[in-house]
Amino acid sequence: MADQQARPGEDKRPSGIPVIRWEEPPEGPVLILLDQTRLPSEEVELVCTDASALVEAIRSLAVRGAPVLGIAGAYGVALAAARGFDVDEAAEALESARPTAVNLSLGVRRGLAAYRDALAATGDPTAAATAALASAQALHREDAEASARMAAHGLALLDELMPGGGHRVLTHCNTGALVSGGEGTAFAVALAAHRVGRLRRLWVDETRPLLQGARLTAWEAARSGMAYTLLTDSAAGSLFAAGEVDAVLIGADRIAADGSVANKVGSYPLAVLARYHHVPFIVVAPVTTIDPDTPDGASIEVEQRPGFEVTEILTPQATAMGGGGGVPLAPLGTQAYNPAFDVTPPELLTAIVTEEGAVSPVTPEALAALCAKARATPVV
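Computed from a predicted structure; not experimentally measured. (Residues numbered from 1 in each chain as written. Predicted model: local features only at pLDDT ≥ 70, side-chain atom pairs only at ≥ 80, totals over all residues. Heavy atoms only, no water.)

Engineer: Is there a simple way to explain the sheet that holds strand β16 (residues 357-359) in this structure?
Structural biologist: What holds strands together in a sheet is hydrogen bonding between their backbones, with the strands either parallel or antiparallel. The sheet built from seven strands is open, its strands ordered β6-β5-β4-β7-β10-β15-β16 with mixed pairing. The two strands at the open ends of the sheet, each matched to only one other strand, are β6 (228-231) and β16. Averaged over all pairs of adjacent strands, the angle between strand axes in this sheet comes to 25 degrees, irrespective of strand direction. The sheet strands contacting helix α5 (residues 125-161) are β4 (167-171), β7 (247-250), β10 (281-284), β15 (351-354) and β16, and the helix crosses β15 at an angle near 145 degrees. Set on the sheet, helix α11 (residues 364-376) makes contact with β15 and β16; between it and β16 the angle comes to about 160 degrees. (Pairing = 2+ DSSP bridges. Helix = DSSP H or I, 4+ residues; strand = E, 2+ residues; numbered from the N terminus. Axes fitted to C-alpha atoms, helices over the stretch in contact; angles between N-to-C directions. Contact = heavy atoms within 4.5 Å.)

What follows is the structure in structure tokens.
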């Protein structure tokens, strides 16, 4: 297949609306989000004045992606505290907004712990709110740093597996700056390869049913000047068969203690295809996505999403005709199976790349050692 659009090394380094930011206008603090449901057609911001608005933004996927959900959860606790709402109640609502994403729960708990510790020490709700905000801002900075380190480790692994460059990488869903305090997880690795002229092609799965690949990853790739091609999820098999994929890079929403990976539905079939075609299958995620309290893949709670996401096309410009507000694709009353994630067993993984390095082969012992290393690393 021709690579006539390849522009090795070109990097536009786009500047745009931040994915998430805290502001303090005269009327009170707010959390501002880039509404990802409106991309790529328009860049629109959502202003959250309380935790309930943030919960709705999380459930509607206006903000999404494991690392940034952790950041949002921590900011949500700070927002509730600063606005004088019931912090425990807000934390509970935020934590349950998307059950599969472990980073959301971790971010909420981190913000809540900072709030409670400061309140116990000072008895001052204002000081406690300040502590919660500082915790969220620290998490935001840490995630940006983790993103850069994951990109470096991931690029080193790609170069080790495929010396000489010219990498043709397939990715699923969206794992770039839209999901991170930095430049992302799996996408950040591909972007690092692009910047040094070693990415030949980024294959972008459209990622049904909500098209995060087509709407978001393609948008990020285009803005970064990367050579990319969009494909339907069902076309991946023929792409592997044609020998056009050198590696698969995906993110993760939760990694169990045994190395099982929950990621956007459609990831598991890619792992099976990669194994059959002897193509490396690499997961890129921060250490915080590894959940030692979830023993195996069967223990991961997989979020079930509304059926209308499958039976209708949902776009901001669509004329609403269906029950979910979109254009119907199936007869009225059609039942739909719509898990948000699937689970890939560790034996199908080539490696898991984190900010602390890569694990290969993926075993419970190796993951436990990696988590212990992360705990021993001082946070700057």
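And the narrative resumes.
Engineer: Before we go on, may I ask you to explain the packing of aromatic side chains in this structure?
Structural biologist: Aromatic ring pairs are defined here through the distance separating the ring centres and the angle between the ring planes. A full pass over the atoms with the stated rule returns one aromatic pair. Centre to centre, the rings of W22 and Y75 are 6.0 Å apart; their planes meet at 20 degrees, and the pair counts as stacked. Here W22 is found in strand β1 (residues 20-23), whereas its partner Y75 is found in helix α2 (residues 66-83), with 53 residues between them in sequence. Of the residues examined, W22 reaches a relative accessible area of 14% and is grouped as buried. (Phe/Tyr/Trp six-rings, centres within 6.5 Å; stacked < 30°, edge-to-face > 60°. Buried < 20%, exposed > 50% of the residue type's maximum accessible area, 1.4 Å probe, protein only.)

Engineer: Teacher, can you tell me more about the pairing of β1 here?
Structural biologist: In regular strands, side chains alternate between the two faces of the sheet. What you see with β1 is a clean split: I20 and W22 sit on the buried side and R21 and E23 on the side with no burial. As defined by bridge partners, β1 adjoins strand β2 (residues 30-34) across four bridges and the pair is classed as antiparallel. Looking across to β2, one finds that I20 is bridged to L33. Here β1 hands over to β2 after six residues, with G28 in that stretch at a positive phi of 130 degrees.

Engineer: How should the packing of α2 against helix α4 (residues 102-122) be read in this particular structure?
Structural biologist: Axis angle and axis distance: for two packed helices, these are the angle between their axes and the distance between the axes, and together they describe the pair. Axis separation between α2 and α4 bottoms out at 7 Å; the angle between their running directions is 30 degrees. Relative to α4, α2 is oriented roughly parallel. Between α2 and α4 lies a crossing whose hand is right-handed. Contact residues: A66, P67, L69, G70, G73, A74, V77 and A81 in α2; N103, L104, G107, V108, G111, L112 and Y115 in α4. Classifying every residue of the contact of α2 with α4 by side-chain character gives ten nonpolar, five polar and no charged. (Parallel < 35°, antiparallel > 145°, perpendicular 65-115°, else oblique. Left-handed = near helix turned anticlockwise from the far one by under 90°. Nonpolar A, V, L, I, M, F, W, Y, C, P; charged D, E, K, R; others polar.)

Engineer: How should the environment of L31 be read in this particular structure?
Structural biologist: Tracing the backbone through its elements, the reader meets L31 in strand β2. Residue L31 is classed as buried on the basis of its relative accessible area, which comes to 0%. Placed 29 residues apart in sequence, L31 and S60 show a C-alpha to C-alpha distance of 16 Å. The contact partners of L31, leaving out residues within four places of it in the chain, are I20, R21, W22, L46, V47, C48, L54, A72, Y75 and L79.

Engineer: Please clarify how the sheet that holds β1 should be interpreted in this entry.
Structural biologist: Pairing is antiparallel across the open sheet formed by three strands, whose spatial order is β1-β2-β3. In this open sheet, the two strands that pair with only one neighbour each are β1 and β3 (45-48). The sheet shows a mean angle of 25 degrees between the axes of neighbouring strands, taken without regard to direction.

Read these as layout, nothing more, since geometry by itself doesn't imply function.
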